[in-house]
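Read off the chains here:
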Amino acid sequence: MDFSDLLIQTLINGILIGGLYAVMMLGFSVIWGVMGVINLAHGDFLMVGAYLTWVLNREYGMEPFLALLIVLPVMFVVGWITQKILINRIIEKPHLIALLVTYGLGIAMANTVKLIYTANPRLTTTQFSGFWEFGEVVLPVTKTLVLVAALLMMIGLYVFLRYSNLGKSIRAAAQNKEAARMVGIEIDRVYAVTFGICLALTGAAGMLLSPLGSIQPFMGSVWTLKAFAITAMSGLGNIPGALLGGIVLGLVENLLATFIPTVGSNFGIIASFALLVVVLVTRPQGLFGGLKAAQEIR
Amino acid sequence: MARKTIAVIQSIIFNRNVILVALVVLALMPTLFYATEWCKDAEAFTSSLQTSVCGYLMEEKPVTGALLLRFTQMFILIILASNWNLTGGFSGYIDFGHAVFFGMGSFGTALLMGSSRWEGWPDIISDWSFWPAMLGGGIVSAVFAVLIGWATLRLKGPYFSIAMLGTLVAMREFMRLNSNLSGGGLGLSLPVYLNRPLFYYLSFAIMIFVVLLIRWLRTTEFGASLVAIREDEVGAEMRGINTTLHKITAFTIAAFLTGIVGGMWAYQNTFIDVNIVFEQRRTIDMVMMSMLGGLGTVAGPVIGSALLYWLRDIVWANFLLFHQIFEGILLIIIVLFVPDGIMGIFKTEDSGTSLAGVIRGWRRKSPEGSESA
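Report on the accompanying structure. (Residues numbered from 1 in each chain as written. Chains lettered and ligands numbered in written order. Predicted model: local features only at pLDDT ≥ 70, side-chain atom pairs only at ≥ 80, totals over all residues. Heavy atoms only, no water.)

Here the focus is the overall build of chain B. Regarding its fold elements, chain B presents 18 helices and two strands. Relative to the 2.2 N^0.38 estimate, which gives 21 Å for 373 residues, the radius of gyration of chain B is 22 Å and therefore close to what a compact globule would have. The 373 residues of chain B split such that 54% are buried. Taking all contacts inside chain B whose residues are at least 6 apart in sequence as the whole, residues at least 24 apart take part in 79%. Split by element, the accessible area of chain B, about 16,600 Å² in all, is 65% carbon and sulfur. With 25 positive and 25 negative side-chain charges, chain B shows a spacing of 7 Å between the two charge centroids. (Helix = DSSP H or I, 4+ residues; strand = E, 2+ residues; numbered from the N terminus. Rg over C-alpha atoms; globule rule 2.2 N^0.38 Å. Buried < 20%, exposed > 50% of the residue type's maximum accessible area, 1.4 Å probe, protein only. Contact = heavy atoms within 4.5 Å. Areas by Shrake-Rupley, 256 points an atom, 1.4 Å probe, with all protein chains shown as cover. Lys, Arg positive; Asp, Glu negative; His and termini not counted. Charge placed at Lys NZ, Arg CZ, Asp CG, Glu CD.)

Written out as structure tokens, the structure reads:
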């Protein structure tokens, strides 16, 4: 395998994982954009989605990609309930309160899962494994399917926000809460639906990553951090930007893993952190959108 | 009725004499431990008094090494929460990764004491004795704080919080990868030195020093500037306060003291690895204890830490499996229902009583008096 093949392979891997990153962070950035809540339990909800998939896979022998049909509605309900019980109380309060409450929620969730399923790393098995070979370059089937599923969900979210009445209400609530209330939008309901949809996406992302690597109860904070890093790059609730940001992070990680041997593969989290700090310090308004320009949910 | 109860509790906690007595009791506690040890070793007792006292000590064991250890842990938590409160409470920069300085201090101390597993570790920074190594750990941590604070303290609000969370997670992974430094999965072993009273007194002394230091800082122009940064950063800057310098200074002081405690803890524990010292729970502890006591107050972290430590002890002893779930839920409850902490409850009392005056003495010496503030 010569250098150009290696480079192409690395780029392909980066793009494939980028789709997962994009759909993983969308829930985080839309919640932030619409409600102004920074959800530090994001990674833990992802973990719950992954464990749900694993349970369905192990107990009922269900194909992980089919488990999406169960994970999506279940996580929607979880999100709806969480919003009604907890998040509703902290929307109006300062950022710090939301940070601390969701942080506490994340700890409680991770430890509950640990209590039930122990801290052993788990892996789901999918029938869609193997490789498609194109000369020296290979395309892993699972990762390709993950990208396709991620793209489908993102297109679905885009169409929903763009053209459905509820989606328009969500965008209106993000732009101007008071005005939205005045034209008869039930803000509470909109928020509950938003949180539900975002958690459904997050849970789905958990499902998507479960066949790619091992899952364990305390993996949440790493994913929250990655979501934050991509959000800082792409702006809030910006779906095309999310895809771009996800691919950038995926590429950076994979390039590091390929070209700095032995340590590179584990540098992912350090890379995303470095990216985050560099972006925040040099371009506080974000790369492709704006953190401040939260009004425009595209 | 409730107000009256609060007032009574307040008068007990903040009474100078009560505090003094408590400190003396804490300071004398290890002597009972020594006495018990002495009785254990004594061949024969010379007087009836000795016999009865030793009989009591041997029978009841009022102060065991385990009890001293628990108090040491409590002191450490108070120090950590007070340090966290310096940036988190006074200057309002909520730091979700403060445990990183604890880890840096631990590793700094351990490496300086020569526990590196790497052949190529230079001799000159090896086999130091404990005291300089502990200081060295603090300095490592402070230098790291200057570097990281220079970048992250420019960020505002939640961005800073997350960037610090990122620092913690990234540093943990970085150290895990550099097994030359961290010993990798094997961790590092420090020289074994089992001396409970030493660590008890050391942490006790550092705790008093830290609380007095922060109380003093609060009265200086520096402390007032930190609070000004919290209240209105732009305004503080317009007023001529070098906000970046102030923030970095506070951050570095907190990091230095946290690093020292990390070093002490490492020596006490005799074994460290990446997962233990960069534990996220430690940060949560600092945040939660400061919040429970009251952010931005001197006494808040002390009360919060002490209360939460013994509360957790009870939960730990009775519901071992649930204690971390309990902590997460407790954090939510504290934030939602007592966001101002215990000091906030006390503050609602009408001032004018002598009690409120005592509190004000604890909380701040009025900075209005000095010209430059």
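Moving on, there is more to tell.
Attention shifts here to the overall build of chain A. Each helix and strand in chain A was counted, giving 11 helices and two strands. Helices and strands appear in chain A in the N-to-C order α-α-α-α-β-β-α-α-α-α-α-α-α. Principal-axis analysis of the C-alpha atoms gives chain A an extent of 65 × 45 × 35 Å. By the burial criterion, 57% of the 298 residues in chain A qualify as buried. Residue pairs at least 24 apart in sequence account for 77% of intrachain contacts in chain A once pairs closer than 6 positions are excluded. As presented, chain A carries roughly 11,800 Å² of accessible surface, and 66% of it is formed by carbon and sulfur atoms. A distance of 12 Å separates the average location of the 17 positive side-chain charges in chain A from that of its 13 negative side-chain charges.

All names here are of chain B. The geometry of helix 2 (residues 16-41) relative to helix 4 (residues 65-90) is characterised by a closest axis approach of 10 Å and an angle of 155° between their N-to-C directions. Judged by the inter-axis angle, helix 2 sits roughly antiparallel to helix 4. Remark: the crossing between helix 2 and helix 4 carries left-handed chirality. Residues Leu 26, Met 29, Pro 30 and Phe 33 of helix 2 form the contact with helix 4, whose participating residues are Gly 65, Leu 67, Leu 68, Phe 71 and Phe 75. Its residues assigned to classes, the contact of helix 2 with helix 4 comprises eight nonpolar, one polar and no charged. (Axes fitted to C-alpha atoms, helices over the stretch in contact; angles between N-to-C directions. Parallel < 35°, antiparallel > 145°, perpendicular 65-115°, else oblique. Left-handed = near helix turned anticlockwise from the far one by under 90°. Nonpolar A, V, L, I, M, F, W, Y, C, P; charged D, E, K, R; others polar.)

A word on the interface of chain A and chain B. Where interface size is given, it is often the accessible area lost as the parts come together that is meant. Counting residues at the interface gives 36 residues for chain A and 35 residues for chain B. Linking chain A with chain B are zero salt bridges. At the level of secondary structure, the elements contributing two or more residues to the side of chain A that touches chain B comprise helix 3 (64-90), helix 4 (95-117), helix 9 (220-234) and helix 11 (268-282) of chain A. Per-element tally for the side of chain A that touches chain B: the top contributor is helix 4 of chain A, with 15 residues. The class makeup of the residues in the side of chain A that touches chain B is 28 nonpolar, six polar and two charged. (Salt bridge = Lys/Arg side-chain N within 4 Å of Asp/Glu carboxyl O.)

A few words now on the layout of surface pockets. Within this model, the largest pocket holds a volume of roughly 1,600 Å³. In this structure, the largest pocket is lined by 49 residues; those nearest its centre are Gln 216, Phe 218, Met 219 and Val 222 of chain A together with Glu 173 of chain B. For the lining of the largest pocket, the secondary structure elements donating two or more residues are helix 1 (3-35), helix 4, helix 9, helix 10 (239-259) and helix 11 of chain A together with helix 7 (157-177) and helix 14 (280-293) of chain B. Of the residues assigned to the lining of the largest pocket, the class counts are 23 nonpolar, 16 polar and 10 charged. (1 Å grid on protein atoms, 1.4 Å probe; cavity = no way out; pocket = protein on both sides within 12 Å on 5 of 7 lines; lining within 4 Å. Points joined across faces, edges and corners; volume = space filled by probe spheres on them.)

In this section: the state of the cysteines. All names here are of chain B. Taken as a whole and assessed by the stated rule, the structure comprises one disulfide over all chains. Across the disulfide, Cys 39 is cross-linked to Cys 54 (sulfur-sulfur distance 2.0 Å). Between Cys 39 and Cys 54 the sulfur-sulfur dihedral comes to about -70°; the bridge is accordingly left-handed. Of the two residues, Cys 39 is situated in helix 2 and Cys 54 in helix 3 (residues 48-60); the sequence distance between them amounts to 15 residues. (Disulfide = S-S within 2.5 Å.)

Residues and elements named next belong to chain A. Two elements, strand 1 (residues 131-134) and strand 2 (residues 137-140), share four bridges in a ladder whose sense is antiparallel. Opposite Glu 133, over in strand 2, you have Val 138 as the bridge partner. Counted along the chain from strand 1 to the antiparallel partner strand 2, the turn is two residues long, and its residue Gly 135 has a positive phi close to 65°. (Pairing = 2+ DSSP bridges.)

Moving on to the packing of helix 4 of chain B against helix 12 (residues 243-269) of chain B. All names here are of chain B. Look at helix 4 against helix 12: their axes get within 8 Å of each other, and the N-to-C directions meet at 165°. Considering their axes alone, helix 4 and helix 12 lie roughly antiparallel with respect to each other. Crossing of helix 4 against helix 12: the hand is left-handed. Contact with helix 4, carried on its side by Leu 69, Thr 72, Gln 73, Ile 76, Ile 79, Leu 80, Asn 83, Leu 86 and Thr 87, involves Ala 250, Phe 251, Ile 253, Ala 254, Leu 257, Thr 258, Val 261, Met 264, Trp 265 and Gln 268 of helix 12 and no other residues of that element. Considering only residue class, the contact of helix 4 with helix 12 consists of 13 nonpolar, six polar and no charged.

On to the side chain of Thr 10 of chain A. As for its placement among the helices and strands, Thr 10 of chain A is situated in helix 1. Residues within four places of Thr 10 of chain A in sequence aside, it is in contact with Asn 254, Leu 255, Thr 258 and Phe 259 of chain A.

Moving on to the packing of aromatic side chains. Residue and element names in this part refer to chain A. Considering all chains together, one arrives at 31 aromatic pairs over all chains under this definition. Their ring planes at 25° and their centres at 5.7 Å tell us that Tyr 51 and Tyr 117 sit as a pair that is stacked. With Tyr 51 in helix 2 (residues 42-60) and Tyr 117 in helix 4, this pair connects stretches of sequence that are 66 residues apart. Summarising the aromatic geometry, the rings of Phe 76 and Trp 80 are spaced 6.2 Å apart at their centres and angled 45° between planes, so their arrangement reads as tilted. (Phe/Tyr/Trp six-rings, centres within 6.5 Å; stacked < 30°, edge-to-face > 60°.)

Before going further, it helps to examine a nonpolar patch on the surface. Residues and elements named next belong to chain A. Taken together, the side chains of Phe 3, Leu 7, Leu 11, Leu 255, Phe 259 and Ile 260 make up a nonpolar region of the molecular surface, amounting to roughly 470 Å² of accessible area. Among the elements of the structure, helix 1 and helix 10 are those that each provide at least two residues to the nonpolar patch. It is helix 1 that provides the largest number of residues to the nonpolar patch, a total of three residues. Positionally, Leu 255 belongs in helix 10. (Patch = residues over 30% accessible without salt bridge, like charges linked within 9 Å, V, L, I, M, F, W, Y side chains within 5 Å.)

Before going further, it helps to spend a moment on the side chain of Thr 102 of chain A. Within the fold, Thr 102 of chain A resides in helix 4. Look past the residues within four positions of Thr 102 of chain A in its chain and what remains in contact with it is Ile 38, Asn 39, Leu 40, Ala 41 and Ile 87 of chain A.

All names here are of chain B. Helix length check: helix 14, at 14 residues, gives a terminal C-alpha distance of 20 Å against a target of 20 Å (1.5 Å per residue), a fit within 8%. Across the 14 residues that make up helix 14, a large majority, 14, are buried. Where helix 14 ends, the next residue or the one after it, Gly 294, has phi of about 130°, a positive value. (Expected span 1.5 Å × (residues − 1).)

The next subject is the nonpolar core. If you look at the biggest cluster of nonpolar residues, it comprises 199 residues, and the most contacted ones within it are Leu 208 of chain A together with Phe 278 of chain B. The contact partners of Leu 208 of chain A, leaving out residues within four places of it in the chain, are Leu 20, Val 23, Phe 65, Val 146, Ala 149, Ala 150 and Met 153 of chain A. (Core = buried A, V, L, I, M, F, W, Y, C linked by side-chain atoms within 4.5 Å.)

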